[in-house]
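Close look at the chain arrangement
What follows is the residue order along each chain.
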Amino acid sequence: MNEIFKELILKIETWNFEGEKVGVGSGRNRNEADLIKEITTTIRRLLELSDTALSIEGCSQIARKQGFLIDEDQRDCKEAKEKAQIIMALLGEMNLSHIKENLLPLQGQLWHWWCKMDKELYHLREKGNRSIEQHKSDIETEKQIIRHKQLKKAFPPNDLMQSFLQILQRSKTQVKLYFLQWLSVFMDGFTSEHLENLREKQRSFWSMIQTEKQKAQKSNSLDHWQKKLEAISMEISACTLGIEQLLREVGQMYEALEETSCKRDIVFLSLPQIAADLMVSGVPIELMDGDASYVPLKWVVAVFDKVSEKLPGKKLFVLSILGLQSSGKSTLLNALFGLQFSVSAGRCTRGAYMQLLKVEETFTEELGFDFLLVVDTEGLRAPELNNKSQNRDNELATFVIGLGNLTLINIFGENPSEMQDILQIAVQAFLRMKQVKISPSCLFVHQNVGEVTAKEQTMEGRRRLEQKLDEMAATAAEQEQCSDVSRFSDVIKFDVNTHVHYFAHLWDGNPPMAPPNPQYSHNVQELKSRILSMAKQEFRGNIMKISDVKLQVKDLWRALVSENFIFSFRNTREVVAMSKLETKYNQWSWKLRSHMLHLQNQLNNQIQNGKIQTLKISSLDDPIIKTYETIKEDLEKYFNEDPESEILIQWKGNFENKLLILKETLISDAKREANKCITLKESQETLDKKKMGYENELLKRSRELALDVKGKALSEEELQEKFNQLWNEWVYDVSSNLPPTMEPNIEVDSENILLEHFIKEKNMVNLLKTNSGKKFQVKYDEHVKMSKTYVIYRKQLEAGDEELIHMTTNCILSRFDETVANIWKQHRDYNVNDFHEILRIIEEEVISVPTKERFSFTSKYKMELALCLFRRASKIFNEMHKAFKTANDPVISLQSKKDDFFMSFKISCQGATSIKSFVDFLCNKLIPAVSTTIWKIMAIRIAEDMQATCPEFNGNRAKLEKYILISLAEEENFDNYWEYIHNPESFFKTYIEKHIKRYCLEKGGEKIKTFSKINLDIIKKAILCAIHESTEEAKDKSSTASEWLDLFCDHLGNNLIFPRTDLRSIEHQEIKDIEFLKEAMSVELDAAMMRAEEKFLSMPKDEMFLVIEKILSQQLCGCWKQCPFCKSICTNTIPAHEGDHSVPFHRPQAVNGYHWHKTDEFDIDFCSTAVASDTQFVLNDTLKFRYKTYRQAGGDYATWNITPDSSSQTYWKWFVCSFKSKLEETYQRKFKNKGEIPDSWTQITKQDVLNDLKK
């Protein structure tokens, strides 16, 4: 330090001041304090004597002489300065107040009008007597017109914008940064003096207004001065010019190009890249236009996309700041991070700006992010915005708090009313974030509170702040109807001791001559440490990638302009993550379901083979649990390692539970099917035992006959003749000893059950006499009774009610068909209880119809429908009884096995040559077993292949629905649409079945042939393996033919249904050469497999298609509830799920036949748009409800979550236009007046909607 003073004294001692030499005494006995005081006094005196003032630029000449390095002398800086001067020359050609209007025309009135139109698109307040969709269409048209006007003004670009863009596009980074700095300096100089004069006038007018207001008598002068003030404010806005206005114009050029589809223009592609390059270089970029109070969303999104391309995968910590006007927000951010946000008295920052700061690579791992995104905002409660301020401030606060991981709430001074203002806005915004599951943090920075250093001294202030926050949180919670909040810490994590910072004033004295306060710098450092500490502790799921920040901006802004933020917020990042998770879950659930299908098939084979008489729990649980645990490991890995794992973690428990429920359901269903199969097998074995006695008797006689002819050289024809002579006699002896059987009278049973069930109905007897079993048809006058209250207002049923009646009838018929088909599959005899099951189905469906007290089904409806179904069932039950009798009648059974008995007889007669006959018999038995097994495996294999290769089936049901919509559009068949809209579950099943048939039968059934060969090879290998293993074991034990057959069937195991009992007729044969038997079987197997394949290919495939359809439908099933307004189907993948029903896109209500009350005019509004409006809907002609409060209607309305969304699909608009006449004819309504279809809808082509769906 002493050396510095010595050098300074030497310079001053020889300082020549305006020709006069000035000296300072430097005696050895003087201390430093005295010396410094003398130097300061001397310098001050000399400055007062001087009348020469030099600018910094003027000083540069002297600095050069003194050997200083001057930045302006660097080549890049000089080049940038020259370019900035070119821009300034272009600006200087025009009067300052006209520059924006003429050279920057896009950000003026046209842009402000576009913003107003866009906001109206969400609010829908000014529709008048038009429908919402007509109003929306008009708004969209108006917005397009504005964009075209902007485009016309912007292109070709004027000299100013062309030069500005060329400089930014063609200059290297360092030159660009210098250029912007020079341009900022020049523009400040260009506008500052004029703006200061205007502000002086503004202050004068403001004073005059205040004076007039204080006068007892009001005069016209007040209006005069207010108009003057408004005019001067507009002129100040017009003359405010900076870099931000030029970049804002670039953004508007992009938005105009984007919305008018000029995307091939090379300028269009380059504009976001320019801003992205600047943002990555650390230049602040406008996020919210402060003049329009609007976010240019397309521009901001495009910039973020380009930044994301430049910095792929990088993570951001977002720090935002809120505070009242001129409370030192920008100054604080600049001091914290060395930024360059504009600072000056008055309203310096307008809107919101974002600046990107790179984190040193050594700290990225520790902090968990690569960049800090700082968001600076305009001051709240600006007096010049008057009554616009409150809503604008609330929007801004909600936006930046929702965007920020951490928000600094900046409070200046100790004025209680100012504190009240900022805290009220902030608390409301934080509460909104809690309700939409966004978890920001906050720090309170209390500036200009004096030299307060000890925490104890600030304790009272902290206590008052916490009390105030708690009061405001409780009040805000009451307004937002949020019952679980009573204090501020219920809203966000908050500690009054660590989350509140007190700051000394920036200046140590009165500016402009006051030096900076060192304590302020100390406070800044403490705050910075706290910010970084909180950033380290931030939950990693809240730290977003650049692309995620883009989505957050979109979601927040769209929810804000929708007015009801909580109702409208939709977290796109979560939606995308959930979509990926559901696709993954679909794969896991299919893996589990597919494994269970194979396991169930093997279990069924074992039951049919007689290997399982009682089901052990372990036989199902152990293998499925093993697969389940593997899938759980995959799930755990996915939730831990996926890039969005921090978002996904909130759903982990739910999906683990879904997987567990699926596992338990699959095991439960498999056990039930297995036990049913065991029960059927037991009942079959009871019948088989009866038949076995007769078969044993015939086998005994056959062997006795064989002993008589053994050794005689008889040909096969002679053996056949000998066998036939005695066969008929043997069968007659057996049949004559059978007990007589009672034939059921199925028709009489059906009539008795109907008479008993409808005992109170007098017409039942007449119906039984007159009804000839004709097809059932609904007769509205006889089958439906309208309620008394409803008939007062309406004399006949509406089209929607008629459709509901038809749907109910079709549902009953469908359940009847399914029930009867299941009974048939059980291969059992007729049971009288089957008729009672049909009655139960009718009663269940009739009771469950949501008639909403408008109508009810009459007894005649149930009687006639039951009679029709009983007549149909009687025919089927008669056929079923005949089939059962044929399968189980001992005589018929014996006759069917005549060839088996002859084969046994022939083998016994042939002796040593019997191995070939033995092999032939065995192969003949294998052929039907193999073909049946292929059939069963094939259904599972095809379902697996379709799930893996067909895009329709390899996702969730929402994806399948997308392909259904594509198919419907391509076919353009109204009847198919009608079925899809009003009976979606049935339509989905039909669609899947058609797809299965097309998949299997295309190219001559090539798929089936391919899979049959694959499955045949698998089965053949299993049979060969069983032959070899059983032969090896039989040789070791010197086994008989019977023992070899036991081993063979055991080794076949669960590969195919091949009961050992079917081989009794050859088990007593003498087979001495087991090795020869193995070789003979191996040789004959190829021919047998070919015959088995032929048999399979000749089998009808319809039943197999139904099995495949059932497998895929179960995998893709979900909730089938439909929106009560528009009939959209809930997309939840769980049939009886918890929580509300929802769907991403709704439809025009006209699709469901909705019309305006007491008119025949269709209601074409989307319900997702209507819920954002003040429109009402009417129930039962008397009850009126606002769409905004639709849940109050109760019933189905209360179970749906319909969020406001203006981004309705073009698909259903095209549908309404394409099938306008069909809809009018079907619903007996008209598309007129409020129901008139907007012109913009008619412009949508089929290709447009197909392209939209295929994105």
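Residues numbered from 1 in each chain as written. Predicted model: local features only at pLDDT ≥ 70, side-chain atom pairs only at ≥ 80, totals over all residues. Heavy atoms only, no water.

**With respect to the pattern of salt bridges**
One pass over the full model with this rule turns up 41 salt bridges. In this structure, Lys-536 engages Glu-366 in a salt bridge whose closest nitrogen and oxygen atoms are separated by 2.6 Å. Of this pair, Lys-536 sits in helix 19 (residues 518-537) while Glu-366 sits in helix 15 (residues 361-367), placing them 170 residues apart in sequence. For Lys-536, a relative accessible area of 38% gives the class partly exposed. Judged by relative accessible area, which is 41%, Glu-366 ranks as partly exposed. Residues Asp-817 and Arg-872 are paired through a salt bridge, measuring 2.7 Å at the closest nitrogen-oxygen approach. Here the residue Asp-817 occupies a position in helix 31 (residues 799-825), and Arg-872 occupies one in helix 33 (residues 859-888), the gap between them amounting to 55 residues. (Salt bridge = Lys/Arg side-chain N within 4 Å of Asp/Glu carboxyl O. Helix = DSSP H or I, 4+ residues; strand = E, 2+ residues; numbered from the N terminus. Buried < 20%, exposed > 50% of the residue type's maximum accessible area, 1.4 Å probe, protein only.)

**Regarding the pairing of strand 6 (residues 371-377)**
A large share of strand 6 lies buried, amounting to seven of its seven residues. Here strand 6 shows a buried face lined by Phe-371, Leu-373, Val-375 and Thr-377 and a second buried face lined by Leu-372, Val-374 and Asp-376. Pairing of strand 4 (residues 315-323) with strand 6 involves five bridges; the strand directions are parallel. Bridge pairing in strand 6 links Ser-320 to Val-375. Across seven bridges, the pairing between strand 5 (residues 351-358) and strand 6 is antiparallel. Paired with Leu-356 across the two strands is Leu-373, which belongs to strand 6. (Pairing = 2+ DSSP bridges.)

**Section: helix 6 (residues 109-123)**
Here helix 6 is 15 residues long and its end C-alpha atoms lie 21 Å apart, about the 21 Å a rise of 1.5 Å per residue gives. Regarding helix 6, the residues found buried are Leu-110, Trp-111, Trp-114, Cys-115, Met-117, Asp-118, Glu-120, Leu-121, Tyr-122 and His-123. Of the residues flanking the end of helix 6, it is Leu-124, one or two places downstream, whose phi is positive at about 55°. (Expected span 1.5 Å × (residues − 1).)

**What about the nonpolar core?**
Phe-164, Phe-179, Leu-183, Phe-399, Phe-444, Phe-488 and Val-553 are the most contacted members of the largest nonpolar core, which totals 134 residues. The leading source of residues in this core is helix 9 (residues 173-214), at twelve residues. Beyond its immediate chain neighbours, meaning those up to four positions away, Phe-488 contacts Val-427, Phe-430, Cys-442, Phe-444, Leu-469, Asp-470, Ala-473 and Phe-494. (Core = buried A, V, L, I, M, F, W, Y, C linked by side-chain atoms within 4.5 Å. Contact = heavy atoms within 4.5 Å.)

**Quick look at the confidence of the model for the protein chain**
In the predicted model, the protein chain carries a mean pLDDT of 79, and 82% of its residues have values of at least 70. Considering only residues more than four positions removed or in separate chains, one finds that residues 13-17, a stretch of pLDDT under 50, has 15 contacts. Between residues 790-795, whose pLDDT stays under 50, and residues either more than four places distant or in other chains, the model counts ten contacts. (pLDDT = per-residue confidence, 0-100.)

**Observations concerning the packing of helix 13 (residues 297-310) against helix 20 (residues 546-561)**
Packed helix pairs are characterised by how far apart their axes lie and by the angle those axes make with each other. Remark: helix 13 packs on helix 20, axes separated minimally by 8 Å, with the N-to-C direction vectors making an angle of 170°. It follows from the interaxial angle that helix 13 and helix 20 lie roughly antiparallel. Of helix 20, the residues touching helix 13 (which contributes Leu-297, Val-300, Val-301, Phe-304, Asp-305, Val-307 and Ser-308) are Ile-546, Ser-547, Val-549, Lys-550, Val-553, Lys-554, Trp-557 and Arg-558. Broken down by class, the residue content of the contact of helix 13 with helix 20 amounts to nine nonpolar, two polar and four charged. (Axes fitted to C-alpha atoms, helices over the stretch in contact; angles between N-to-C directions. Parallel < 35°, antiparallel > 145°, perpendicular 65-115°, else oblique. Nonpolar A, V, L, I, M, F, W, Y, C, P; charged D, E, K, R; others polar.)

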